[in-house]
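Spelled out from the first residue to the last, the chains are:
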Amino acid sequence: MKRRFAVLALMTAMAFACALHAGTFRVMVCPSNEEIESFIDCFFPTRAYDAAVLASQQERQTAAVGKERGEKLAKAYDLENASAIEEARELFDSPVEFDDEEEKPFDVVLAKASREFDAQTLCSDPVLLDYLCREYDTDLILIPYISSIQGFRHIMLYAYSYGDREAVLVFERLAQDSEKYTVDAALKIAPYFTSRTPALLLLEYLVPGTHIELDDSEVRALEDYVMTTEGRHTVRLSASGYEERYFATELSGTSVFSVDASMKAVVLHGLRLESTPAADVVVDGKTIGQTPLVLETYRLPFSATFEAEGYASGKLSLTGEPMDTVSVSLKPQWMADGSNLKKAKDGFYSDLARTIILFGVKVLARSFDDGTGTFFPALNAVADGALTISLVDLLGSLIDYYRTSEYVSE
């Protein structure tokens, strides 16, 4: 028992220490603000390696493990078990050891507090901020603070790193009818994630869904903005139905630079549209003809609707490689009607319930038949006949239910 207690304490402390740090840089936005959180999520997936950050994390972890070990020691004293006390004290006095960390970027993770805190209170209380950092194992707290000044919105953003003496005002602006921070705020918090001078690239006229590569690495855009650093960069843009673009640009630090990111649509030729039965083809709300139909020119992505009387509409969507011929099969209207599936389902379960009841009647008739009367033999015979008919109906409703579900799911 005593040995089990010591082993459990040791394993718990070790697991706790290992779980606290796994190459992450934890950021809390408090009070929560979706705009600031979206900046973190999109612009800062990683944080540059910093030995000071790692040392700060290990300091918090050491304190947390010490607290855990202290609680184990207190429990051992409560048990008044000398052996358990000795082993718990030995564990408490032993140093907290950490694995050697690779000098690679930290993965940025958004942390959430269990409740909201007042922004003004947070900005003026470093003791509370340090407590939150320890409680939620957080490296950086960003504090959105919005107040009113003579009809204007005073929009401020404070930042606090664990162990600092105070929260630092990193961004502020006045706005009359808005509480948006704008991407300028993202530029101001960028130094907390990178040691290089940040810059924002605005890709104007960007095609929705465009794949963006910056310096041969895939990046995400937020409202067509891409976070990067000052200096020369290469940009590659690719999107379905458009010619790929590749260009270089030179960016100044702590600024927003815009570039025309429009792309030339690829015009394709000779797409044959077929359907069963023949149907009207509707593109962008306009009927362009009836199948079979050959489109002389089209562009990807391409979508069309096929309509025929007595049939449910069929939809076609092409987003990948160009094709020569596309065929669409339309369902009769009754097949697409969900009420038919419900009717078939209800019929099947109704027949199943009736069959179960008749089977129960047959079992009861046999159980009570002692061979001296005529009632139970007659009831058994009637149940046999009714059960046979019910089984046939059940098989038919099962087939109908299966076919209807197949038709509707196609």
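Residues numbered from 1 in each chain as written. Predicted model: local features only at pLDDT ≥ 70, side-chain atom pairs only at ≥ 80, totals over all residues. Heavy atoms only, no water.

Student: Break down the overall build of the chain for me, citing the residues and quoting the values.
Tutor: Broken down by element type, the chain carries ten helices and 20 strands. In the chain, buried positions account for 38% of the 410 residues. In the chain, the share of contacts with a sequence separation of at least 24, taken over all contacts with a separation of at least 6, comes to 60%. Carbon and sulfur atoms make up 52% of the accessible area of the chain, which amounts to about 24,100 Å² in all. (Helix = DSSP H or I, 4+ residues; strand = E, 2+ residues; numbered from the N terminus. Buried < 20%, exposed > 50% of the residue type's maximum accessible area, 1.4 Å probe, protein only. Contact = heavy atoms within 4.5 Å. Areas by Shrake-Rupley, 256 points an atom, 1.4 Å probe, with all protein chains shown as cover.)

Student: Explain the sheet that holds strand 11 (residues 231-238) to me, and be specific about the residues and the numbers.
Tutor: Overall, antiparallel pairing links the four strands, which are arranged 9-8-11-12 in an open sheet. The sheet is open, and its two borders are formed by strand 9 (217-219) and strand 12 (245-251), each paired with just one other strand. Strand-to-strand twist across the sheet, computed as the mean angle between neighbouring axes with direction ignored, equals 35 degrees. (Pairing = 2+ DSSP bridges. Axes fitted to C-alpha atoms, helices over the stretch in contact; angles between N-to-C directions.)

Student: Give me the packing of aromatic side chains: which residues, what numbers.
Tutor: Taken as a whole and judged by the stated rule, the model has seven aromatic pairs. Judged by centre distance (6.0 Å) and plane angle (70 degrees), the rings of Tyr 298 and Phe 302 are edge-to-face. In terms of burial, Tyr 298 and Phe 302 fall into one category: buried. One aromatic cluster is present, built from ring pairs that chain together Phe 25, Phe 39, Phe 43, Phe 44 and Phe 193. If you follow Arg 47 out to its NZ or CZ, it ends over the ring of Phe 25, 5.2 Å from the centre. Above the face of the Tyr 162 ring, Arg 60 is positioned so that its terminal group lies 5.0 Å from the ring centre. (Phe/Tyr/Trp six-rings, centres within 6.5 Å; stacked < 30°, edge-to-face > 60°. Lys NZ or Arg CZ within 6 Å of the ring centre and 35° of its normal.)

Student: Talk me through the sheet that holds strand 20 (residues 325-329); I want residue IDs and the actual numbers.
Tutor: Strand-to-strand pairing in sheets goes through backbone hydrogen bonds, with the strands running parallel or antiparallel. One open sheet holds the three strands; their spatial order is 17-14-20, and the pairing between them is mixed. This sheet does not close on itself; its edge strands, each paired only once, are strand 17 (293-299) and strand 20. Strand-to-strand twist across the sheet, computed as the mean angle between neighbouring axes with direction ignored, equals 35 degrees. Two elements, strand 14 (residues 267-276) and strand 20, share five bridges in a ladder whose sense is parallel. Considered in strand 20, the bridge of Glu 274 is made with Ser 327.

Student: Break down helix 4 (residues 82-93) for me, citing the residues and quoting the values.
Tutor: Helix length check: helix 4, at twelve residues, gives a terminal C-alpha distance of 16 Å against a target of 16 Å (1.5 Å per residue), a fit within 8%. For helix 4, the N-terminal cap is Asn 81; the gap from its side-chain oxygen to the backbone nitrogen of Ser 83 is 3.1 Å. (Expected span 1.5 Å × (residues − 1). Polar contact = N/O pair within 3.5 Å; in protein donor to acceptor, adjacent residues only side chain to side chain.)

Student: Which residues make up the side chain of Thr 229, and what values do they have?
Tutor: In this structure, Thr 229 sits in strand 10 (residues 225-229). Given the relative accessible area of 11%, Thr 229 is considered buried. Polar side-chain contacts of Thr 229 include one of 3.4 Å to the side chain of Arg 196. Discounting chain neighbours no more than four positions away, the residues touching Thr 229 are Arg 196, Thr 197, Pro 198, Ala 199 and Leu 251.

Student: Give me the lowdown on the nonpolar core, citing residues and values where you can.
Tutor: Counting 34 residues, the largest nonpolar core has Phe 39, Phe 43, Leu 142 and Leu 157 as the members making the most contacts within it. Apart from the residues within four sequence positions on either side, Phe 39 is in contact with Phe 44, Tyr 181, Thr 182, Val 183, Ala 185, Ala 186 and Leu 222. Core analysis: the second largest hydrophobic core is formed by 20 residues, Met 28, Phe 117, Tyr 136 and Tyr 160 among them. (Core = buried A, V, L, I, M, F, W, Y, C linked by side-chain atoms within 4.5 Å.)

Student: Can you break down the pairing of strand 10 residue by residue, with the values?
Tutor: Most of strand 10 sits inside the fold, with five of its five residues counted as buried. Looking at chain direction, strand 7 (residues 198-204) and strand 10 are connected through five bridges and run antiparallel. In the sheet register, Leu 200 faces strand 10, and the bridge partner there is Met 227.

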